Amino acid sequence: MCGIVGYLGPLNPKDVIMQGLKKLEYRGYDSAGLAIIQDGHTKLIRAMGKLQALDDKIKNESWTGHIGIGHTRWATHGVPSERNAHPHKARGITLVHNGIIENYHEIKERLLAKGAHIASDTDSELVAHLIAEEYEKVKDLKSAVERVLPQLTGAFSIVVLCEQSPNELIAFKDGPPLVVGLGKGENFVASDVQALIKYTNEFIYLNDREIVKLEPSKVQLFSSHGVAIERKSVTLNWSAELTEKQGFAHFMLKEIHEQPRTVAAAVNSHLVENSVRLDRVGFNDQNYFENRETLDVEKDWQNTQKVLQGVERVFIIACGTSFYAGNVAKYFLEKIAKIPVEIDIASEFRYRDPVIPKNTLVMTISQSGETADTLAAIRLAKEKGALTLSLCNVKNSSIDRIADGHLYMNAGPEIGVASTKAFTATLAILNVFALGFGKIRKSLPVKEEQELVASLRALPSKMEVVLSYDKYFQAAAKTLKDFKGFLFMGRGTSYPIAMEGALKLKELAYFHAEGYAAGEMKHGPIALIDERMAIVMVAPRDHYFEKTVSNIEEVRARGGYIISLGSGDDQALKRISKQYLPIPVSDWMTNPILFVVPLQLMAYHLSSELGYDVDQPRNLAKSVTVE
Ligand code: F6R
């Protein structure tokens, strides 16, 4: 979704903004622009397409000044075009905006009736006009913004620049994320800390309906009614290097290769010798965000046990890849913790008027912690009285801040738009969650816990082995180009892994691919099978194996091209497949983490072979902060 960067201070704002926007490219965008106050005038330049196009336009200009805003736009109202790109200006007021103004028709009519000259098709420009109107009356930027807010409905964040008041930026958040970066004699505001990590590690996260006034040496926070708010800043320790490619051709490839480390980082703090401790969850701890780093882990584990003992069922809610991770968790939790689990797509859950019985734990999964539907779903679950638990990657994100309990993927920044390392880190932490829950519900024998923990500890090195086979996955990917379509299939936890494999191929290589439960094949998809259809079978040696082999035979009989992934040197699979890809032998709970890696790599290689933009596939955004 759109990316915002604002800066005031001694550095050249153009450099800070362009570098910040570059770091936000992963969010997906179709145009970009920046505005800087220079010699009392707002210099505004915008361009269609990638940031390079904007860079080409601005590189021969002279840039001075000490205050500016920039934006990457992902079109919602109005086609992608230079005219619709941000920033938008109305008289002395210039703004950037993320989100949607729902009552924009009505505002537009009102403004047109008053003779306003509206230059774009966007809802954003209208807000600039409204602020300009109010500013002319009150001559104070913060008050002008405050007076406009009650006129707007929707979910949106804005950052505003004023020619007549060139020492302040005013920002407002209600929905899409905004974070303030604190510096010495300089301050920043952006959609994501990643844009600012190079300059500061001190941040203030805005909550919904908060206004912030930034000056070079001062930052003040207010409610939307102008009441001052005190908030401590948070120090983050993600270093700038974590957001660089480090010699890999793409962020996605780097992130795939980081997985042995990120999976270990996700679980290690919860493993104590050969047992699991589901700690640092902070259920119902009012001061969790201030005390998170110094939490008494033993006390927190006691608290988690007390809280989860009362839970009788689990709902898991998420979107996309995170939803598939939730599907895997259903198998984990039902088998290990013997608890009923329902799983839902957030955009369905939020509009369905779901029935949430007493003693339900609603768990959301979200890499970004900002996905609009998942955020609305957790809000709804809270309203309906559920206990909520967030599993996310971005600490302090909106979903994280709303939840009663908190778990983290600890995967570090994920820049590639298609999720990879966050998915495997999620599956790893879901292993821990299921084992912890099983202990609490006394459904997990100690010996089984010990074996599964040993298997989790061995996982990173097995992942290294999978990664070392990359040349085979690359060769397999080369053979896939000419098929008319793809069916990914599996049973048990391999079913959501098949869906994830199909999603990766769709997102990255733009092939039509479907993920199916292999047992469903006879109920329809079998009609698709002929020699131009490639079938990717996820077939570890688990208790579904014989059934999956029968499905492969059925595909073979109809001339389908079979690529199978199996455990170790599986002669039976080798015999019946056109291509066989061996995965190190593991147990049923860690298998999904190992088996998804070749699927990520095949999609990656196919995409780069076809010359597509691997890190920013078309039409996709990293953080889906609007519906
Ligand atoms: C797929 C992908 C998306 C996200 C989905 C949810 O590669 O990245 O399907 O998984 O948009 O995003 P989060 O996890 O941030 O809520």
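Scroll up to find the structure.
Residues numbered from 1 in each chain as written. Predicted model: local features only at pLDDT ≥ 70, side-chain atom pairs only at ≥ 80, totals over all residues. Heavy atoms only, no water.

Just give me the short version of the pattern of salt bridges, but keep the residues and values in it.
Side chains that differ in sign of charge can pair as their charged atoms come close. For the coordinates displayed, the defined rule picks out 42 salt bridges. E163 is paired through a salt bridge with K89; the nearest N and O atoms lie 3.7 Å apart. Of this pair, E163 sits in the loop between β7 (154-162) and β8 (169-174) while K89 sits in strand β5 (residues 88-90); the two residues are 74 residues apart in sequence, bridging distant segments of the chain. Each member of the salt-bridge network shares a partner with another, and the members are K254, E258, R261 and K421. (Salt bridge = Lys/Arg side-chain N within 4 Å of Asp/Glu carboxyl O. Helix = DSSP H or I, 4+ residues; strand = E, 2+ residues; numbered from the N terminus.)

Quick rundown of the environment of P617? Include the residues and the values.
With respect to the helices and strands, P617 occurs in the segment after α20 (591-609). Given the relative accessible area of 3%, P617 is considered buried. The spatial distance from the C-alpha of P617 to the C-alpha of M252 is 11 Å, given a sequence separation of 365 residues. Other than its neighbours up to four places away in sequence, P617 contacts V417, E507, L508 and Y510. (Buried < 20%, exposed > 50% of the residue type's maximum accessible area, 1.4 Å probe, protein only. Contact = heavy atoms within 4.5 Å.)

Tell me about the nonpolar core, residues and numbers included.
Grouped together as the largest cluster of nonpolar side chains are 98 residues, with contacts concentrated most on L333, L361, F433 and F437. Broken down by element, the residue count for this core peaks at 13 residues, all from helix α14 (residues 421-440). Two domains each provide a minimum of three residues to this core, namely domain 2 (259-464) and domain 3 (469-609). The next biggest cluster of nonpolar side chains, apart from the first, holds 30 residues, and it includes Y135, L152, V160 and C162. (Core = buried A, V, L, I, M, F, W, Y, C linked by side-chain atoms within 4.5 Å. Domains from an automatic or database assignment.)

So what's going on with the site of the ligand? Which residues, and what values?
The ligand sits among 14 residues. The nearest are S322, S366, Q367, S368 and T371. One of the side-chain nitrogen or oxygen atoms of S366 is found 2.6 Å away from an oxygen atom of the ligand. Between the ligand and S368, the relevant distance is 2.7 Å, taken from an oxygen atom to a side-chain nitrogen or oxygen of the residue. If the ligand stood free it would expose 400 Å²; the protein chains cover 90% of that surface. Counting only elements with at least two residues in the shell around the ligand, the list comes to α10 (320-336) and α17 (494-509). Tallied by class, residues from the shell around the ligand come to four nonpolar, eight polar and two charged. (Near = heavy atom within 4 Å. Polar contact = N/O pair within 3.5 Å; in protein donor to acceptor, adjacent residues only side chain to side chain. Areas by Shrake-Rupley, 256 points an atom, 1.4 Å probe, with all protein chains shown as cover. Nonpolar A, V, L, I, M, F, W, Y, C, P; charged D, E, K, R; others polar.)

Describe the state of the cysteines, naming the residues involved and giving the relevant values.
On inspection of all chains with the given rule, the structure shows zero disulfides. Between C319, a cysteine without a disulfide, and C392, which holds the nearest cysteine sulfur, the sulfur-to-sulfur distance is 14 Å. We classify C319 as partly exposed; its relative accessible area is 24%. (Disulfide = S-S within 2.5 Å.)

So what's going on with the packing of helix α15 (residues 446-468) against α20? Residues and values would help.
One can describe the packing of α15 onto α20 by two numbers: an axis separation of 10 Å at closest approach and a directional angle of 30 degrees. Considering the angle they form, α15 stands roughly parallel to α20. As α15 packs across α20, the resulting crossing turns out to be right-handed. Of the residues in α20, those in contact with L459, K462, M463, V466 and L467 of α15 are I593, L594, V597, P598 and L601. (Axes fitted to C-alpha atoms, helices over the stretch in contact; angles between N-to-C directions. Parallel < 35°, antiparallel > 145°, perpendicular 65-115°, else oblique. Left-handed = near helix turned anticlockwise from the far one by under 90°.)

Pulling in residues and values, what's your account of unusual backbone geometry?
Geometrically, the link from H86 to P87 is a cis peptide bond, its omega value of 0 degrees lying close to zero. Its place among the elements puts P87 in the loop between β4 (67-73) and β5. Phi at R280 is positive, roughly 60 degrees, even though this residue is not glycine. Within the element layout of this structure, R280 appears in the loop between β17 (275-276) and α8 (288-291). Exposure remark for R280: the relative accessible area of 33% places this residue in the partly exposed category.

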